[in-house]
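Summary of structural features
Here's the letter readout for the chains.
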Amino acid sequence: MSDDHHPADGNHHPHVVPLKLLFGVIGALFFLTFLTVAASWVDMGGANVPVALLIATVKAVLVGAFFMHLRWDKPFNSVILALSIGLLILFLGIVTMDMHENLPEMNEAYSEEWMETRRKAIVEERLEEARTAFENKEITKAEYDERVKELSKPVLEVLYPHAGAHSTPADGHADIRADALQKAMLMVFRAPLPAVIPSPPGNPASPAKVALGKSLFFETRLSKGGKISCHSCHGLTTFGVDNQPTSPGHGGARGDRNSPTVLNAGLFGTQFWDGRAPSLEEQAKAPILNPVEMAMSDEAAVVAVLKGIPGYVESFKGAFPGEADPLTYDNLAKAIAAFERTLVTPSPFDAFLGGKLEALDTAQLDGFLAFQDAGCVTCHKGTLLGDGFEKLGKVIDFPGLKDKGREAATGNAGDRYQFKVPSLRNVTKTGPYLHDGSVKSLDEVITLMSKHQVGKEIDAAEIAKIKVFLESLTGSLDPATAAAPAPVK
Ligand code: HEC
Ligand code: HEC
């Protein structure tokens with residue numbers, strides 16, 4: 001600071017304040033104002049207010065420092081200083097009062113805005129999907145135009161066309177609820193279905209192996225009468241089942257158990273109602289030789305049939321390259337298992353678990369809560385909503401049980417009436433229900449589950465809600481995978 005700004009007598013100075021300092025302070029204030037504006041462009045959520053206050057404080061300090069250079073003994077300067085301090089206090093007072101009152105509102109406005117942005121992104125995503133579908137000729141021009149028209153409506157109408165009494169999407173609560181429920185569901189169900197079920201180390205998948213497995217799955221020549229294939233009891237266009245209580249096998253004979261679905265079955269820890277097969281590979285060897293299923297006499301007979309069909313000799317070579325004798329019973333089972341691992345049915349439930357919050361509607365979310373409240377999730381959990389073994393009649397004995405369940409597989413009396421907890425995927429399509437196919441309707445099986453597995457009476461309203469949730473587990477198999485292959489010659 002040069003001395004001439006503070007002359008000893010303090011009387012004849014032309015400037016009250018040095019010009020350099022004045023411009024410096026004004027420049028700094030402008031810069032800080034610019035900084036405030038810039039900060040307001042950056043979306044920092046709740047942090048915006050404290051940052052603006054910080055900058056305002058720095059400004060105030062600067063202004064204060066500026067005044068410190070004035071001569072306080074001049075009455076004019078003192079008046080200005082007093083006025084400024086007064087204004088500053090008043091201003092800060094107003095700002096803090098305002099903040100206390102408005103902070104919650106500001107946060108709400110902010111979250112509203114955030115959700116609006118999210119909704120817009122979703123609509124944009126759907127437009128993009130429609131455009132791609134049209135470009136790939138999956139939908140017609142008229143269908144595309146229709147979709148664009150739908151998506152051009154106000155955002156809320158597009159996303160919540162059936163917004164009813166339950167949801168209040170207008171204030172964004174529906175999104176918050178779905179977000180919370182998605183996290184809750186991930187805790188119970190862990191993960192959505194994978195695109196393909198991972199192969200075990202001993203049986204890596206290849207396109208050739210999967211194609212061979214598919215031919216074998218549909219192959220009726222693997223049965224004694226030449227009429228039955230895996231597909232007879234596990235129809236791929238009928239959700240992997242035949243919708244019969246028990247299935248007619250060779251000569252119309254029926255076993256004692258209901259055919260479970262093959263769809264998604266590769267994710268189970270064990271196969272069959274009693275878990276007696278540890279893998280799909282082991283499982284596939286059984287029905288071909290089972291006298292009430294495909295009824296072939298022994299493995300050698302099956303291999304002989306296939307060796308008589310040139311197309312199979314070729315396909316086994318392609319599927320098991322480098323093996324001296326690729327056409328074996330073990331390899332047949334491996335190929336079928338590799339094909340079965342492609343049988344996955346992703347559903348809206350999976351989309352939701354994967355983060356697409358709009359994939360389930362309010363009623364389906366209510367349905368999940370009902371399913372959870374009813375105590376179903378203690379057993380029907382994980383990606384399949386099933387797996388592991390539980391006693392049928394865990395809380396209250398189940399009447400008329402003939403099948404001893406897992407005891408037959410382990411010889412352990414403690415396993416009596418234990419059955420594999422079946423997956424609930426596609427369950428609205430896979431009736432009749434239970435290991436013996438004895439229960440026709442879903443309503444009835446839910447009532448029985450509640451009574452015997454949980455020990456609670458359940459009313460019709462709760463059952464209806466649970467069914468709405470179960471609907472969301474219905475997925476679809478890739479049509480190309482489900483289509484029958486060309487016969488092998
Ligand atoms: C005559 C009807 C019939 C035929 C043919 C048949 N299955 Fe099955 N499948 C069943 C029945 C019944 C069960 C349940 C048996 C049990 O648990 O004891 C079953 C169980 C299964 C399972 C276990 C699923 C689970 O959730 O535990 C798989 C996998 C399977 N079959 C695949 C096949 C394959 C592969 C073939 C052809 C090689 C085949 N099935 C042929 C009726 C049939
Ligand atoms: C203590 C374990 C447990 C609880 C709790 C439980 N389940 Fe089950 N669930 C099973 C077992 C085990 C089976 C198979 C029993 C059988 O086939 O004999 C089964 C079978 C089913 C089936 C038939 C599936 C099919 O393909 O045949 C449905 C549907 C079902 N449960 C729904 C529910 C619902 C809804 C609830 C809640 C009200 C529930 N379960 C509670 C263990 C349980």
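These numbers were taken from a predicted model, which means no experiment stands behind them. In this numbering scheme, every chain counts its residues from 1 along its sequence in written order. Lettering for chains starts from A, numbering for ligands starts from 1, and both go in the order in which the items are written. Totals for whole chains, interfaces and linings use every residue, but because this is a predicted model, local features are given only for residues with pLDDT of at least 70 and side-chain atom pairs only at 80 or more, for both listing and counting.

Note on conventions: DSSP H or I runs of at least 4 residues are helices, E runs of at least 2 residues are strands, and numbering of each starts at the N terminus. Within the protein one finds 18 helices and two strands. Partly exposed residues are those falling between the two cut-offs: more than 12 but fewer than 20 other C-beta atoms within 10 Å of their own, whereas 20 or more means buried and 12 or fewer means exposed, with C-beta atoms placed from the backbone. For the protein, with 489 residues in total, the buried portion stands at 27%. It is the C-beta atoms, placed from the backbone, that decide contacts: two residues are in contact if theirs lie within 7 Å. For the protein, the proportion of contacts with a sequence separation of at least 24, taken over those separated by at least 6, is 68%.

Near residues are defined by distance alone, with the backbone-placed C-beta atom required to lie within 6 Å of the molecule or strand. Neighbouring residues of ligand 2: 25 residues in total, closest Cys-376, Cys-379, Tyr-433, Met-449 and Gln-453. If one sorts the elements of the shell around ligand 2 by residue count, helix H16 (residues 442-454) sits on top with six residues. Here the residues of the shell around ligand 2 are counted per class, giving 16 nonpolar, seven polar and two charged. Ten residue types, Ala, Val, Leu, Ile, Met, Phe, Trp, Tyr, Cys and Pro, are classed as nonpolar, four, Asp, Glu, Lys and Arg, as charged, and the remainder, Gly among them, as polar.

Turning next to the site of ligand 1. Taken together, 25 residues lie near ligand 1, and Cys-230, Cys-233, Gly-249, Phe-272 and Pro-287 sit nearest. Of all the secondary-structure elements, those providing two or more residues to the shell around ligand 1 are helix H8 (230-233) and helix H9 (280-289). Of all the elements, H9 adds the most residues to the shell around ligand 1, at five residues. The residue makeup of the shell around ligand 1, split by class, is 15 nonpolar, eight polar and two charged.

Right, let's get into unusual backbone geometry. Cis peptide bonds are those with omega within 30 degrees of zero, and the linkage from Gly-431 to Pro-432 qualifies with -5 degrees. Tracing the backbone shows Pro-432 in the loop between strand S2 (418-420) and H16. You will see that Lys-137, though not glycine, has its phi angle at about 60 degrees, which is positive. You can call Lys-137 exposed: it has 7 C-beta atoms within 10 Å. The phi dihedral of Arg-190 is positive, around 70 degrees, even though this residue is not glycine.

Among the structural elements, Pro-399 can be located in the loop between strand S1 (389-391) and helix H15 (407-410). We classify Pro-399 as exposed; it has 8 C-beta atoms within 10 Å. In the structure, Pro-399 is positioned 53 residues away from His-452 in sequence and 9.6 Å away in space, judged by C-alpha atoms.

This next bit is on the nonpolar core. Core membership is restricted to buried Ala, Val, Leu, Ile, Met, Phe, Trp, Tyr and Cys residues, and these are joined into a nonpolar core through C-beta atoms within 7 Å. With 36 residues, the main nonpolar core has Leu-263, Phe-371, Ile-466 and Phe-469 as its most contacted residues. Where this core is concerned, the elements lending two or more residues are helix H6 (173-189), helix H13 (348-353), helix H14 (362-373), H16 and helix H17 (460-471). Look past the residues within four positions of Phe-469 in its chain and what remains in contact with it is Gln-364, Gly-367, Phe-368, Ala-370 and Phe-371. Counting 28 residues, the second-largest nonpolar core is a separate cluster that includes Cys-230, Ile-288, Ala-335 and Ile-336.

Should pLDDT be low for a region, the predicted coordinates there are not to be read in detail. pLDDT expresses, on a scale from 0 to 100, how confident the predictor is about each individual residue. In this model, the protein carries an average pLDDT of 87, and 86% of its residues clear a pLDDT of 70 or more. Ignoring residues within four places in sequence, the model shows residues 1-11, a span with pLDDT below 50, making six contacts including any to other chains. A low-confidence stretch, residues 163-171 (pLDDT under 50), is modelled with 14 contacts involving residues beyond four sequence positions or located in other chains.

Below, the discussion takes up the environment of Asp-330. With respect to the helices and strands, the residue Asp-330 is situated in helix H12 (residues 329-340). For Asp-330, a count of 14 C-beta atoms within 10 Å translates into the label partly exposed. Spatially, the C-alpha atoms of Asp-330 and Val-303 are 10.0 Å apart, while their sequence positions differ by 27 residues.

Here the focus is the environment of Gly-318. As for its position among the elements, Gly-318 is in helix H11 (residues 310-319). In this structure, the C-alpha to C-alpha distance between Gly-318 and Ser-206, residues 112 residues apart in sequence, is 9.7 Å.

Interhelical geometry of H9 versus H12 gives an angle of 115 degrees and a closest axis separation of 8 Å. Judged by the sense of rotation from one axis to the other, the crossing of H9 with H12 is right-handed. Along the contact surface, H9 presents Leu-280, Glu-281, Ala-284 and Lys-285, while H12 presents Tyr-329, Ala-333, Lys-334, Ile-336, Ala-337 and Glu-340. Looking at the contact of H9 with H12 residue by residue, the class counts come to six nonpolar, no polar and four charged. An axis is simply a line fitted to the C-alpha atoms; with a helix, the fit covers only the stretch in contact. Between two such axes, the angle follows the N-to-C directions and lies from 0 to 180 degrees. Working rule for handedness: look at the near helix, and if it is turned counterclockwise from the far one by less than a right angle, call the crossing left-handed; if clockwise, right-handed.

Attention now moves to the packing of helix H7 (residues 207-217) against H12. With their axes 7 Å apart at the nearest point, H7 and H12 run at an angle of 100 degrees to one another. Classed by the angle they form, the pair H7 and H12 counts as roughly perpendicular. Packed against H7, whose contacting residues are Lys-209, Val-210, Leu-212, Gly-213, Lys-214, Leu-216 and Phe-217, the element H12 presents Leu-332, Ala-335, Ile-336, Ala-338 and Phe-339 at the interface. Per-class residue counts for the contact of H7 with H12 are nine nonpolar, one polar and two charged. Put simply, angles under 35 degrees are roughly parallel, angles over 145 are roughly antiparallel, angles from 65 to 115 are roughly perpendicular, and the rest are oblique.

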